[in-house]
Amino acid sequence: MRHIAIVGSGPAGYYTAEAAVKKWGEDALIDVYDKLPVPFGLIRTGVAPDHQSIKAVSRRYEKTAIGDTVRFAGNVTVGEDITVEELTSLYDAVVLATGAPRDRQLDIDGAGSRNVIGSAAFVGWYNGHPEFAQLDPDLSGKHAVVVGMGNVALDVARILSKSQHEFAGSDIVAHALEALRESNIETISILGRRGPHQIMMTPKELGELLHLDRASPHVDNADLPPMEDDAFLEPGVRKSVTLLRDFAAIPENIHGEKPIAIEFDFFANPKTIVSEGGKVAGVEVERTKVEAGRAVGTGETYSVPADLVVTCIGYRTSPLKGVPFDERAGCFANDEGRILPGLYCVGWAKRGPSGTIGTNRPDGYSVIDIVDQDIGGASRKRGREGFDELAQTRGLEIVTFRDWQKIEEAEIAAARKGAPREKFVDIDSMIAARGA
């Protein structure tokens, strides 16, 4: 029998568990740990609440989670409740699938001003992550600035601009829905250091901006490169740039029919956050040009008004004691997933925050192939049995997958009309609900 521990129950974790089941069948016991009492990681707390079709991938993970050899152990914080060193002493292989839950910092003057918020926190707020549910962003001003040119920036802009009825069918949490109802935001500026040909936004997400009830996307024709240059782009990027050209062609009278403007500001590098009384009031921006794919400052500066700034510039993995960390890449130092003997990583914890949910599947299968090469057959380690003894002596309150199903039933029962669920946003409520 092989004993495998996977730390993190998001896509990378469950694809790895799926691969382990297919590789070894009943010859392995796999324990999936998560610091939250609820599984699925960014599927629950990162994917936009109005993208329910993407969240549906969790049904695939359920098939793995309810198998005889896989156990979910929620409400266990690795690094606090149990160390990585203790896990590696109990299990033949420990796979870190912890993702990249920390914001990459915007390292400019004024970034600590009130109402300057990282996307991990802001997205966690409207998705009901217990760490960010009390964020309470101030939406009383007219101007929001979103820094970044990826899909997370689009998610933030879209959520800020939607009307209440456009959230029908979503699982946005009640406190965020109420705050957005009272929002006074009229302009959302999306700042990107480079130009349209360098955006990371995908066509589907960009296209959604054309169908918003209250908001209209704005692109300055002067920012668009010659159309013939689009021919050299990868097909997906070309589709995205075509949509930007469509935005630029929207007549002013159509813009005038919608009260919220989503303005794409390309070649714009934030240099300073301007604050008044400690709260953000604007962003000083340097105009850039692109040389060899890189943004180069021109020395020309201008100001963008801002009552709220959300930075969407990337994520970093949280370091763990005793685990080598690559500060530059923002993930664990590894060689094709190997960190140390018996210790591995997968997904964003391995490669940094890149790729789609599906990118984690080949990652999970690859790391299990490596583990299989390294550990061979039967083990003398205690695995699950050893952990359960340790958990009992430490008084850990483990949440099982069956417990999670009870929590989910309670969330579904509490849903507002048309919504799939109303999430619990604090850990005590989650744990209490498993007894319902």
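Described in the following lines is the structure provided in the data block. This structure is a prediction, so every number in the text was calculated from the model and none was measured.

**Description of the packing of helix α6 (residues 119-127) against helix α7 (residues 151-161)**
Part 1 of the reasoning: Two numbers describe how α6 lies on α7: the axes approach to 11 Å, and their chain directions differ by 45 degrees. When the interaxial angle is binned, α6 and α7 end up oblique. The two elements α6 and α7 cross, and the hand of that crossing is left-handed. Where α6 abuts α7, its residues Ser119, Phe122, Val123 and Tyr126 lie against Val152, Asp155, Val156, Ile159 and Leu160.
Part 2 of the reasoning: Split into classes, the residues belonging to the contact of α6 with α7 amount to seven nonpolar, one polar and one charged.

**Focus on the layout of surface pockets**
Part 1 of the reasoning: Within this model, the second largest pocket holds a volume of roughly 200 Å³.
Part 2 of the reasoning: What lines the second largest pocket is a set of 14 residues, and nearest its centre among them are Ile43, Lys55, Ser58, Glu408 and Arg421.
Part 3 of the reasoning: Elements with a minimum of two residues in the lining of the second largest pocket: α2 (42-45), α3 (52-55), α4 (58-65) and α15 (401-413).
Part 4 of the reasoning: When grouped by side-chain class, the residues that make up the lining of the second largest pocket number five nonpolar, two polar and seven charged.

**Description of the pattern of salt bridges**
Part 1 of the reasoning: For the structure shown, the criterion picks out 34 salt bridges.
Part 2 of the reasoning: Note that Asp265 and Arg287 form a salt bridge whose closest N and O atoms lie 3.6 Å from each other. Of the two residues, Asp265 is situated in strand β10 (residues 260-265) and Arg287 in strand β12 (residues 279-291); the sequence distance between them amounts to 22 residues.
Part 3 of the reasoning: According to the relative accessible area criterion, Arg287 is partly exposed, its value standing at 21%.
Part 4 of the reasoning: Among the ionic pairs, Asp363 bridges to Arg351, the shortest N-O distance being 2.8 Å. With Asp363 in helix α13 (residues 360-375) and Arg351 in helix α12 (residues 348-351), the pair connects residues that are 12 residues apart, well separated along the chain.
Part 5 of the reasoning: Its relative accessible area of 11% is what places Asp363 among the buried residues.
Part 6 of the reasoning: One connected set of salt bridges, linked through shared partners, spans Asp50, Asp155, Arg158, Lys162 and Glu208.

**Digging into the nonpolar core**
Part 1 of the reasoning: With 47 residues, the main nonpolar core has Leu160 and Phe264 as its most contacted residues.
Part 2 of the reasoning: Breaking this core down by element, the ones donating at least two residues are α6, β7 (143-147), α7, α8 (174-181), β8 (187-191), α10 (235-248), β10 and β14 (308-311).
Part 3 of the reasoning: Among the elements that make up this core, the one with the highest residue count is α7 (six residues).
Part 4 of the reasoning: Excluding residues that lie within four positions of it along the chain, Phe264 makes contacts with Met149, Leu154, Ile190, Met201, Leu206, Leu209, Pro217, His218, Val219, Asp223, Leu244 and Phe247.

**Focus: a positive patch on the surface**
Part 1 of the reasoning: A contiguous patch of positive charge on the surface is contributed by Arg104, Arg193, Arg194 and Arg294.
Part 2 of the reasoning: For Arg194, the location among the structural elements is in the loop between β8 and α9 (203-207).

**Observations concerning the pairing of β14**
Part 1 of the reasoning: A two-sided burial pattern is seen for β14, the buried positions comprising Leu308 and Val310 on one face and Val309 and Thr311 on the other.
Part 2 of the reasoning: Both strand β6 (residues 116-118) and β14 contribute to a ladder of three bridges, which runs parallel. Across the sheet, residue Val116 finds its bridge partner in β14, namely Val309.
Part 3 of the reasoning: One ladder, built from four bridges, connects β7 with β14; its direction is parallel. Across the sheet, the residue bridging to Val146 is Val310, located in β14.

**A short note on the packing of aromatic side chains**
Part 1 of the reasoning: Considering all chains together, one arrives at 15 aromatic pairs under this definition.
Part 2 of the reasoning: Ring centres 5.4 Å apart and planes at 40 degrees place the aromatic pair Phe122 and Trp125 in the tilted group. Taken together, the positions of Phe122 and Trp125, both in helix α6 and three residues apart, correspond to about one turn of that helix. For the residue pair Phe122 and Trp125, the accessibility class agrees, reading buried in each case.
Part 3 of the reasoning: Taken together, the aromatic side chains of Tyr14, Tyr15, Phe40, Tyr61, Phe72, Phe401 and Trp404 make up a single cluster linked through ring pairs.
Part 4 of the reasoning: Directly above the aromatic system of Phe167 lies the positively charged group of Lys162, at a separation of 6.0 Å from the ring centroid.
Part 5 of the reasoning: When the ring centre of Tyr365 is taken as reference, the NZ or CZ atom of Arg361 above it lies at 4.4 Å.

**A few points about unusual backbone geometry**
Part 1 of the reasoning: The residue Asp136 is not glycine, and still its phi comes out positive at about 55 degrees.
Part 2 of the reasoning: Position of Asp136 relative to the elements: it lies in the loop between α6 and β7.
Part 3 of the reasoning: The residue Ala292 is not glycine, and still its phi comes out positive at about 55 degrees.
Part 4 of the reasoning: Mapping Ala292 onto the fold places it in the loop between β12 and β13 (294-305).
Part 5 of the reasoning: The exposure class assigned to Ala292 is exposed, which follows from its relative accessible area of 84%.

**A few points about the sheet that holds strand β11 (residues 268-276)**
Part 1 of the reasoning: As summarised here, the arrangement of the three strands in space is β11-β12-β13, forming an open sheet in which the pairing is antiparallel. This sheet does not close on itself; its edge strands, each paired only once, are β11 and β13. Ignoring strand direction, the axes of neighbouring strands in this sheet form an average angle of 20 degrees.
Part 2 of the reasoning: Here eight bridges tie β11 to β12, and the two strands are oriented antiparallel to one another. Each residue of the ladder has a partner; that of Ile273, found in β12, is Val283.

**Overview of the pairing of β7**
Part 1 of the reasoning: Counting buried residues along β7, four of its five residues qualify, which places the element largely inside the surrounding structure.
Part 2 of the reasoning: By the bridge criterion, five bridges tie β7 to β8 in an arrangement that is parallel. For Ala144, the partnering residue across the bridge sits in β8 and is Ile188.

Cut-offs used in this document
Residues numbered from 1 in each chain as written. Predicted model: local features only at pLDDT ≥ 70, side-chain atom pairs only at ≥ 80, totals over all residues. Heavy atoms only, no water. Axes fitted to C-alpha atoms, helices over the stretch in contact; angles between N-to-C directions. Helix = DSSP H or I, 4+ residues; strand = E, 2+ residues; numbered from the N terminus. Parallel < 35°, antiparallel > 145°, perpendicular 65-115°, else oblique. Left-handed = near helix turned anticlockwise from the far one by under 90°. Contact = heavy atoms within 4.5 Å. Nonpolar A, V, L, I, M, F, W, Y, C, P; charged D, E, K, R; others polar. 1 Å grid on protein atoms, 1.4 Å probe; cavity = no way out; pocket = protein on both sides within 12 Å on 5 of 7 lines; lining within 4 Å. Points joined across faces, edges and corners; volume = space filled by probe spheres on them. Salt bridge = Lys/Arg side-chain N within 4 Å of Asp/Glu carboxyl O. Buried < 20%, exposed > 50% of the residue type's maximum accessible area, 1.4 Å probe, protein only. Core = buried A, V, L, I, M, F, W, Y, C linked by side-chain atoms within 4.5 Å. Patch = residues over 30% accessible without salt bridge, like charges linked within 9 Å, V, L, I, M, F, W, Y side chains within 5 Å. Areas by Shrake-Rupley, 256 points an atom, 1.4 Å probe, with all protein chains shown as cover. Lys, Arg positive; Asp, Glu negative; His and termini not counted. Charge placed at Lys NZ, Arg CZ, Asp CG, Glu CD. Pairing = 2+ DSSP bridges. Phe/Tyr/Trp six-rings, centres within 6.5 Å; stacked < 30°, edge-to-face > 60°. Lys NZ or Arg CZ within 6 Å of the ring centre and 35° of its normal.

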